[in-house]
Amino acid sequence: MTKTASNLQIDSSRLWDTIVSTAQFGGTPKGGVKRLTLSAEDKQVRDWFRQACEQAGLEVSIDSLGNMFALRKGRDMTKPPIGLGSHLDTQPTGGKFDGILGTLAALEVIRTLNDAGIETELPLCITNWTNEEGSRFAPAMMGSAAFVGDFTVEDVLSRKDAAGISVAEALDSIGYRGNKPVGAQPFTGFIELHIEQGPILEAEGKTIGVVDHGQGVLWYDGKITGFESHAGSTPMHLRRDALATLSEIVLAVEKIATELGPNAVGTVGEAVIASPSRNVIPGEIAFTIDMRSADATIMDQLDQRLRAAVAEIAPRRKVEVALDLVWRKEPTHFDPALVGSVESAANALGYQNRRITSGAGHDACNLNTRIPTAMIFVPCKDGISHNELEDATQPDCAAGANVLLHTVLSLAGVAK
Ligand SMILES: [Zn+2]
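Computed from a prediction, not measured in an experiment: that's the story for all the values here.

Draft legend 1. Structural detail: the packing of helix α10 (residues 336–348) against helix α12 (residues 394–412). Packing of α10 against α12 leaves a shortest axis separation of 8 Å and a crossing angle of 125°. One finds that α10 runs oblique with respect to α12. Pair α10 / α12 crosses with right-handed handedness. Contacts between α10 and α12 involve Leu 338, Ser 341, Val 342, Ala 345 and Ala 346 on the former and, on the latter, Val 403, His 406, Thr 407, Ser 410 and Leu 411.

Okay, here's the thing in structure tokens:
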């Protein structure tokens, strides 16, 4: 069979070799990767990536936050490129796939097109976004956020890590403060391939997740003020117990998210008793709540029902509960036309697929506010991510890359 654009497949073993061999940059004894953004290990993988892109005939440019762009010319250079890519940085105990798959699969797409001698109508541009993970510098996804104007470049450059090193200093130390203005690279659309980082695809035996939404987020800081008193001499009906109150709030969060599900989740992830002691009734507790939904009206209901529950629990238990909404991020609605292109590519290739919501944040969620964007998910073992045990199979990675290839071909068009 001759290779035409319609039956083109990426080279699965070449993609896999690239994933395995670049995992040496920051590789850990347990088989994971520690490649904090703008570290010496990040420089190693960036240098490798830049060279691989240049060898594939791409023109590499770097903006002043270290975001990397590698352009493949199209027949029609009057139109902005189709973007594809993700990030190459990792968590301190990260895996070989989170972000990395999307960037290396983008490179594999270009290599495949080169081998087949296929020119696209629109140009293509593969990307490596700076500091997606956010573990060294806050906030996470800062490169793509600044790219769309959510933060100023000066603000991002001044952010410091725990050692007091600024983003500007870190960029200079590895030679990746480029001269391209942040946000200057135009895109017609953008596609990000990523591991799911959750258990749904694996549990349902699906190969491809067609990501149509990203979760909206509600973050609360809470404080319960009761009264510390003697655990032996205070009768049950005279107590003002902060921890017993928190217990009711935790169960209320679980109940509310469950009842508003399946498209809602709620978690109390932190709770600190002010002065814990085994024979003192807890008098003061600080806690956090994280609630998410891909539907803004459900987010409103989560908020209203949480506040109603707290308003009922607090006076009944004679305690004060302060609840501050410290962050509300609206849900992401990925571009319907691009989501449809991903779904068509998955169907045409014969991969079992389903629509899915991204529970985690991604560069694509930031980009989607300015550029038509969609995402492709592939399963990861046991849904584990941000862990050295993170794993995905070679066939699943190849399937994701093939969907990326054919989505990009449908969007960029094959030059006649
Ligand atoms: Zn990621």
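Draft legend 2. A look at the nonpolar core. In this structure, Ile 126, Ile 208 and Leu 404 are the most contacted members of the largest nonpolar core, which totals 79 residues. Take this core: its biggest share by element is 10 residues, from α12. Leave out the neighbours within four places in its chain, and Ile 126 touches Phe 49, Cys 53, Leu 58, Met 68, Phe 69, Ala 70, Leu 84, Ala 106, Leu 107 and Ile 110. Counting 25 residues, the second largest nonpolar core, distinct from the first, contains Ile 285, Ala 309, Val 310 and Ile 313.

Draft legend 3. Molecular detail of the pattern of salt bridges. Tallying each qualifying case throughout the model produces 24 salt bridges. Close ionic contact of Arg 355 with Asp 212 constitutes a salt bridge, the shortest N to O distance being 3.6 Å. Residue Arg 355 is found in strand β14 (residues 353–358), and its partner Asp 212 is found in strand β6 (residues 208–214); the two are separated by 143 residues along the sequence. A relative accessible area of 37% means that Arg 355 is categorised as partly exposed. Taking the relative accessible area as the measure of exposure, Asp 212 reaches 16% and is therefore buried.

Draft legend 4. Spatial organisation of helix α3 (residues 100–116). Taking 1.5 Å of rise per residue, the 17 residues of α3 would be expected to cover 24 Å, and the 24 Å separating its terminal C-alpha atoms lies within 8% of that figure. Here α3 lies mainly inside the structure; 14 of its 17 residues are buried. In the stretch just after α3, Gly 117 is the one whose phi turns positive, near 65°.

Parameters and conventions
Residues numbered from 1 in each chain as written. Predicted model: local features only at pLDDT ≥ 70, side-chain atom pairs only at ≥ 80, totals over all residues. Heavy atoms only, no water. Axes fitted to C-alpha atoms, helices over the stretch in contact; angles between N-to-C directions. Helix = DSSP H or I, 4+ residues; strand = E, 2+ residues; numbered from the N terminus. Parallel < 35°, antiparallel > 145°, perpendicular 65-115°, else oblique. Left-handed = near helix turned anticlockwise from the far one by under 90°. Contact = heavy atoms within 4.5 Å. Core = buried A, V, L, I, M, F, W, Y, C linked by side-chain atoms within 4.5 Å. Buried < 20%, exposed > 50% of the residue type's maximum accessible area, 1.4 Å probe, protein only. Salt bridge = Lys/Arg side-chain N within 4 Å of Asp/Glu carboxyl O. Expected span 1.5 Å × (residues − 1).

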